[in-house]
Amino acid sequence: MAAVATTITTATSDMAKAWKKIQGKIAQAIQFDNVEWDMFDEFFAPEGTPWSAREVTIPLDISKAGGVASIKEGGYEANPSNKNLEELTITLVHFNARFNISKLAKFGDEGSRNQVTRDLTLRGLQKIRALGEHWSDYIYGYSTARLARTSTNATQSSGTYTLDQGYDSTVTNAAYIADKFKEGDRVALIRSAALVTNAIGTITAVTAATPSIAVTWNGSVDSDANDLVVKANSMGNTDIDDTDYIRGLVGLLDMAKTASVHGLSSSSVPDWDIANGDTAGGRMTGLRLRQYHDEIADEGGGKATHVVTTRGVYRDLIDLERPAMRYSDPLGMELDGNVKMKGVKIVATKKVPPGYLFTFDKSALSRWNLLPKPDGSFAWSDGKEYIDQSGFVFAMDMPCATLIKNRKKLAYASGLTES
């Protein structure tokens, strides 16, 4: 007689409810950190300038006096003369980020006993990352808050918009431009310093290869080629004051390339200009950097402390310098050897516009914060209770400004070769 057939009872189906659901620790799947968020901690305004709702200015001693005479014995002495001070006007930018959470989440909050990671902690972490990236994007741009320009000419309530430029006409790298936008961000179109009618909307898709953004607008929008794209994440959702337009930081491109910075123009005060603006392109070399640093010393009276560039320019600089290396032990030479300059901090980061290099004396730059820099930590008591809805809203505020008090302590190069 044949044996009785046996079916093995499985753990994954027949006895599954006898097993616990196990969750590992949260894994970070992409890079969230931005070098710029911490780098500018070194550049706090040393004078502790208080803020005024009326006006904040910085007197600037920039004009050379001259007026020295070589006189004959018993002759007339030099004609008395002096130069007045110039003045910078500083404007704060108020960065604000918020998230909300239900009361039920608060009532059920028992930390690690019932959560993979504490819900309130995770939301604060996500928002501080977003604030850090926002800062890092704005630190290289212009105070207009322009992030891109569209080449799309269309009339539609939703559609896809090709982005042909980033901060300015020199920034055309598709992936770099697309990185400034996130699905769910709200954006606006600006034309001739005015909001295009109905042109505040939500990004529904970002395509890096094009680059392009798909946007659903508040109504029908007649876009033209050369319209500017700015963020519009406030709840205002109505007019140009509800967008970021003219509420960007005075970024490094602004400091390096704009005639009028902090209300003072190099057209009226020629010395209110940078030490060197090198647009020749090609490969960056140690000799070129030395020239910039010499001009920072000769024209600005400073000593270059930082070089900030793209990872591609930095790799090319390593590749250029390697054939000239001298080493005592060929077998001990590192394959990924770095380049160094004595007394200079070299920073390579993905946020620098492609092909650019900035070098400066950090004593000329300041980040002026009205409040302590946010850290993303929240307690339930930090939340504001909604009146008619069962929840709390949490806010993160950063009123700040970037200042440059001596443009001769800054130099830049663009169009550089990247490896």
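Keep in mind that what you see is a predicted model, and the values were worked out from it rather than measured.

A. Seen up close, the overall build of the protein. Regarding its fold elements, the protein presents 7 helices and 19 strands. For the protein, contacts bridging at least 24 residues in sequence account for 76% of all contacts bridging at least 6. Element-wise, carbon and sulfur atoms account for 51% of the exposed surface of the protein, whose accessible area totals about 23,500 Å².

B. Local environment of unusual backbone geometry. A cis geometry characterises the amide bond from Thr210 onward to Pro211, with omega recorded as -10°. Examined against the element boundaries, Pro211 turns out to sit in the loop between β7 (194-207) and β8 (212-223). For Ser192, which is not a glycine, the phi torsion comes out positive at approximately 50°. Tracing the sequence through the fold places Ser192 in the loop between β6 (186-191) and β7. Backbone geometry at Asn198 places phi at a positive 70°, although glycine is not the residue there.

C. Structural context of the side chain of Ser223. Within the secondary structure, Ser223 is located in strand β8. Given a relative accessible area of 0%, Ser223 falls into the buried group. A polar atom in the side chain of Ser223 sits 3.0 Å from the backbone oxygen of Thr152. For Ser223, the residues in contact, after removing those within four places along its chain, are Thr152, Asn153, Ala154, Tyr161, Leu189 and Arg191.

D. Structural detail: the pattern of salt bridges. Across all of its chains, the model carries 19 salt bridges by this definition. Glu133 is the partner of Lys182 in a salt bridge, and the nearest nitrogen-oxygen pair spans 3.5 Å. Of this pair, Lys182 sits in the loop between α4 (174-178) and β6 while Glu133 sits in helix α3 (residues 119-138), and the two are 49 residues apart along the sequence. In this structure Glu133 comes out as buried when scored by relative accessible area, which is 17%.

E. View of the sheet that holds strand β13 (residues 306-309). Read from one edge of the open sheet, 5 strands run β12-β19-β15-β13-β14, paired in mixed fashion. This sheet does not close on itself; its edge strands, each paired only once, are β12 (276-278) and β14 (345-348). In this sheet, adjacent strand axes meet at a mean angle of 10° when their direction is disregarded. When β13 meets strand β15 (residues 357-360), the two strands line up antiparallel, connected through 4 bridges. Paired with Thr309 across the bridge in β15 is Leu357. Sitting on the sheet, helix α6 (residues 286-300) touches β12, β13, β15 and β19 (410-413), and the angle it makes with β15 is about 35°.

F. Summary view of the nonpolar core. Phe95, Trp135, Phe181, Ile213, Trp272 and Phe358 are the most contacted members of the largest nonpolar core, which totals 74 residues. Broken down by element, the residue count for this core peaks at 8 residues, all from strand β18 (residues 391-404). In contact with Phe95, other than residues within four places in its own chain, are Leu131, His134, Trp135, Tyr138, Arg247, Leu249, Met396, Asp397, Met398 and Cys400. Membership of the second largest hydrophobic core comes to 19 residues, among which are Met284, Tyr314, Leu357 and Leu416.

Parameters at a glance
- Going along each chain's sequence as written, the residues are numbered from 1 onward.
- Where local features are concerned, this predicted model is filtered to residues with pLDDT of at least 70; where side-chain atom pairs are given and counted, the filter is 80 or more; whole-chain, interface and lining totals use all residues.
- The side-chain figures draw on all heavy atoms in the structure; neither hydrogens nor water molecules are used.
- Only runs of H or I of at least four residues qualify as helices and only runs of E of at least two qualify as strands under DSSP, and these elements are numbered from the N terminus.
- Residues count as neighbours in contact if any of their non-hydrogen atoms are within 4.5 Å of one another.
- Surface exposure here means Shrake-Rupley accessible area, sampled with a 1.4 Å probe, where a residue is shielded only by the protein chains that are shown.
- Accessible area is worked out with a 1.4 Å probe on protein chains only. A residue is then buried under 20% of its type maximum, exposed over 50%, and partly exposed in between.
- For this analysis, a polar contact is any N or O atom pair within 3.5 Å, provided that within protein one partner can donate a hydrogen and the other can accept it, and provided that sequence-adjacent residues contribute only side-chain to side-chain pairs.
- Put simply, a salt bridge is a Lys or Arg side-chain nitrogen that is within 4 Å of an Asp or Glu carboxyl oxygen.
- Should DSSP find at least two bridges between two strands, the strands are taken to pair.
- Axis lines are fitted to C-alpha atoms, over the contacting stretch for helices. Their N-to-C directions set the angle, which ranges from 0 to 180 degrees.
- By convention a nonpolar core is built from buried Ala, Val, Leu, Ile, Met, Phe, Trp, Tyr and Cys residues, the set being connected through side-chain atoms within 4.5 Å.

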